[in-house]
Amino acid sequence: MFLLEAGHAKVVFRIEVQARELNSYNFALNVNFDRPKSALAEEVSWLQTSISFNRNEKIVEAFGGFYTEDELWTEEFIPGKTVEQHLRMLKEGRLDESSPPAAFLWPHFVWTGIGAYYSFWRQTQFQVFVKDPTPANINIPPHDYYRGGRIISITTRILNQTPLQLLLRVHKRYIIETERLFPDISAYLKPAMIFSPIYEALGPTEGKKYLESAAGDKACPEEMRRQIQDFLDKLETQGFCPKPVFFAILRYQRWFKLNPGATLKAQGRYILELLKDYNIRNSSKVYPDARLRFFLDTVFTEASLVVRGHLRSWMSRQRELSLPDSRLQWEIRELLTNHEHSESEIYFLKRLPLPYLSGADSIEIIANPQTGMQDVEIMVSRRDQKDEIFHIRKPINPKEILRLHRLFSEVNLEVQFRAEHEYLLALNENGHVIGGLFYEPVDAANIFMDKIVVSRTYTGRGISRALMDEFFNRMRSRGFDVVTTGFYQPSYFFKLNLRIEKQSDGPVKQFNSSA
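All values reported here derive from a predicted model rather than from experimental measurement.

(A) Spatial organisation of the packing of helix 2 (residues 83-91) against helix 3 (residues 102-123). Running from N to C, helix 2 and helix 3 point in directions that differ by 170°, and their axes come no closer than 11 Å. By the criterion of interaxial angle, the relationship of helix 2 to helix 3 is roughly antiparallel. The segment helix 2 lies against helix 3, with Val-83, His-86, Leu-87 and Leu-90 engaging Ala-102, Leu-105, Trp-106 and Phe-109. For the contact of helix 2 with helix 3, a count of residues per class yields seven nonpolar, one polar and no charged.

Here it is as structure tokens:
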């Protein structure tokens, strides 16, 4: 047992339990010592309200048990330092030299911390706010791609506050007082940055309403009113930049400043890394223009006015939900065809429709003659294990589907293609179909991949693996969460990290898991 904290009318201990199988488990034990039982029960009730609001969005410690007679309760133990402790250790030089300077971390700590306090308020249906919204009362990982901070104590709470009163409290307690303690941390914090975490935590509708109410309060300081109005005006014309996108852009800009001569492939690899680390795809579910915004302010910062103008127009239409992916692909092809572009613009415009930024040697956006050239298809090119080029794309005419069917017959696999099936093909340099697979959507989240085949002439050259990788990437980018297949060649699919699950009748790959 270790003492963690004595304050807020309670004592908190860390309990470590050693199990028989040699695993150890930790939890926090809270002991009340100076509050009536009714106040204790109220705090526990608000903790449970926060936890049950959304179990995927943890703002407070996960609740364990409440023992009313003994006036104690257990919670999840979360290791780590508070924001204030982290800043103090940086100031005193007690952290590793590789740790980012405090000025770099402070915008992340502000955005995540203020967002957590407002998220708790939202989780309580806007009834109670933490009275002590400071960096000393929150635990935040120092890596800006992590989502969410964890509030340490909600013992002291306030009710019936106006939007402006809450905003002034958070601004004073979290930012002004902290920057007085650590004067060197404010270099990269823009004055209006306080509004972004509030807007993001409350959501577009409630966030906008909250900020409009605060700005409309007669007691609002004029400078703050002007900053809020500027923020709202930019929302109207430019949309919102969510936290993962903001910090991914910032990281790319710092990286490129250190690597100004990076090749296009190196830039593309780093872009892919950032897309994964910051999970930009998840941001796109709420803010549809998130991915284009990320590209606009990274690899297209030096692009021509024509290219940047198109990107802003596409972003605006994505926010209005009036630009489907197929139309975006068509307009990118038109832009590439009708204007002169730099090598960098061509390289990244071709990859713009691919949320996973394929590492293929080349990418082409081709028009489909079957639809009067009004539809386009993305074709990626790779090299097999004999260093020969092959292409992966969907079919653009019925003959290619017939050739795929013939390939299945040649390896003695009887298949039946139906109208609801979709196809992904592998073609050699001469455009002949040498492999492929077919699949069909089950519902909005699930896809069923039926079978895959590669011509005997091309087996053992890595083509089937490339087909499956491209298929997974495309399905992930379309928003599917799960791919299921039959028990046809199960050992092959197990090598691709598909797993058996009880509720499924075949191997499964979940895109939202580590597998």
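(B) Focus on the sheet that holds strand 11 (residues 375-383). Pairing in this open sheet of eight strands is mixed, and the strands run 10-11-12-13-14-15-16-17 from one edge to the other. What marks the edges here is a single partner per strand, and that holds for strand 10 (362-368) and strand 17 (508-510). The average undirected angle you get between the axes of adjacent strands in this sheet is 25°. Contacts from helix 13 (residues 325-338) reach strand 10 and strand 11 within the one sheet, and its direction differs from that of strand 10 by about 105°. Most of the contacts of helix 15 (residues 398-410) go to strand 14 (residues 433-441), to which it runs at about 100°, and overall it touches strand 12 (389-393), strand 13 (422-428), strand 14 and strand 15 (446-454).

(C) Inspection of the pairing of strand 13 at higher detail. When you tally the buried positions in strand 13, you get seven out of seven residues, the bulk of the element. Side chains Glu-422, Leu-424, Ala-426 and Asn-428 of strand 13 all project onto a buried face; the interleaved residues Tyr-423, Leu-425 and Leu-427 project onto the opposite face, where all are buried too. Where strand 12 lies against strand 13, four bridges are found, and the strand directions are antiparallel. Each residue of the ladder has a partner; that of Phe-390, found in strand 13, is Asn-428. By the bridge criterion, six bridges tie strand 13 to strand 14 in an arrangement that is antiparallel. Note on strand 14: the bridge partner recorded for Tyr-423 is Phe-438. Hairpin connection between strand 13 and strand 14: a loop of four residues separates the two successive antiparallel strands, and Gly-431 in this loop has a positive phi of roughly 85°.

(D) Looking closely at the pattern of salt bridges. Here the structure, examined in full by the defined rule, presents 32 salt bridges. The residue Glu-420 makes a salt bridge to Arg-418 at a minimum N-O spacing of 2.7 Å. Note that Arg-474 and Glu-470 form a salt bridge whose closest N and O atoms lie 3.0 Å from each other. Separated by four residues within a single helix, Arg-474 and Glu-470 lie in helix 16 (residues 463-477), roughly one turn from each other. The class for Glu-470 is buried, based on a relative accessible area of 0%. Salt bridges here are not isolated pairs; linked through shared partners, they connect Asp-132, Lys-172, Arg-173 and Glu-177.

(E) Spatial organisation of the environment of Arg-456. In this structure, Arg-456 sits in the loop between strand 15 and helix 16. Note on Arg-456: relative accessible area 54%, which makes it exposed. Considering only alpha carbons, one finds Arg-456 and Ser-50, 406 residues apart in sequence, at a separation of 58 Å. Not counting chain neighbours up to four residues away, the residues in contact with Arg-456 comprise Glu-410, Val-411 and Asn-412. In this structure the side chain of Arg-456 is engaged in a polar contact, spanning 2.6 Å, whose partner is the backbone oxygen of Glu-410.

(F) Main features of the packing of helix 2 against helix 4 (residues 163-181). Here helix 2 crosses helix 4 at 25°, and the two axes come no closer than 11 Å. One way to sum up the angle between helix 2 and helix 4 is to call them roughly parallel. For the crossing formed where helix 2 meets helix 4, the hand is right-handed. On the side of helix 2, the interface is formed by Val-83, Glu-84, Leu-87, Arg-88 and Lys-91, while helix 4 contributes Tyr-174, Thr-178 and Leu-181. Looking at the contact of helix 2 with helix 4, its residues break down into four nonpolar, one polar and three charged.

Here is what the cut-offs are and how they apply
In this convention, every chain numbers its residues from 1, walking through the sequence in written order. Only residues with pLDDT of at least 70 are given local features in this predicted model, and only at 80 or more are side-chain atom pairs given and counted; all residues enter the totals for whole chains, interfaces and linings. Side-chain measures here rest on the full set of heavy atoms in the structure, leaving out hydrogens and waters. Orientation is described by axes fitted as lines to C-alpha atoms, over the contacting stretch for helices, and by angles from 0 to 180 degrees between their N-to-C directions. Under the scheme used here, helices are H or I runs from DSSP no shorter than 4 residues and strands are E runs no shorter than 2 residues, and both carry numbers assigned from the N terminus. Angle categories are assigned with fixed cut-offs, so that under 35 degrees is roughly parallel, over 145 is roughly antiparallel, 65 to 115 is roughly perpendicular, and the rest are oblique. Whether two residues are in contact is decided by their heavy atoms, any of which lying within 4.5 Å being enough. Any residue that is not Ala, Val, Leu, Ile, Met, Phe, Trp, Tyr, Cys, Pro, Asp, Glu, Lys or Arg is counted as polar, Gly included; the first ten are nonpolar and the last four charged. When DSSP finds two or more bridges between a pair of strands, those strands are recorded as paired. Any residue under 20% of the maximum accessible area for its type is buried, any over 50% is exposed, and the rest in between are partly exposed; the area is computed with a 1.4 Å probe on protein chains only. For this document, the term salt bridge refers to a Lys or Arg side-chain nitrogen within 4 Å of an Asp or Glu carboxyl oxygen. For this analysis, a polar contact is any N or O atom pair within 3.5 Å, provided that within protein one partner can donate a hydrogen and the other can accept it, and provided that sequence-adjacent residues contribute only side-chain to side-chain pairs. Helix crossings fall into two classes, left-handed where the near helix is turned counterclockwise from the far one by less than a right angle and right-handed where it is turned clockwise.

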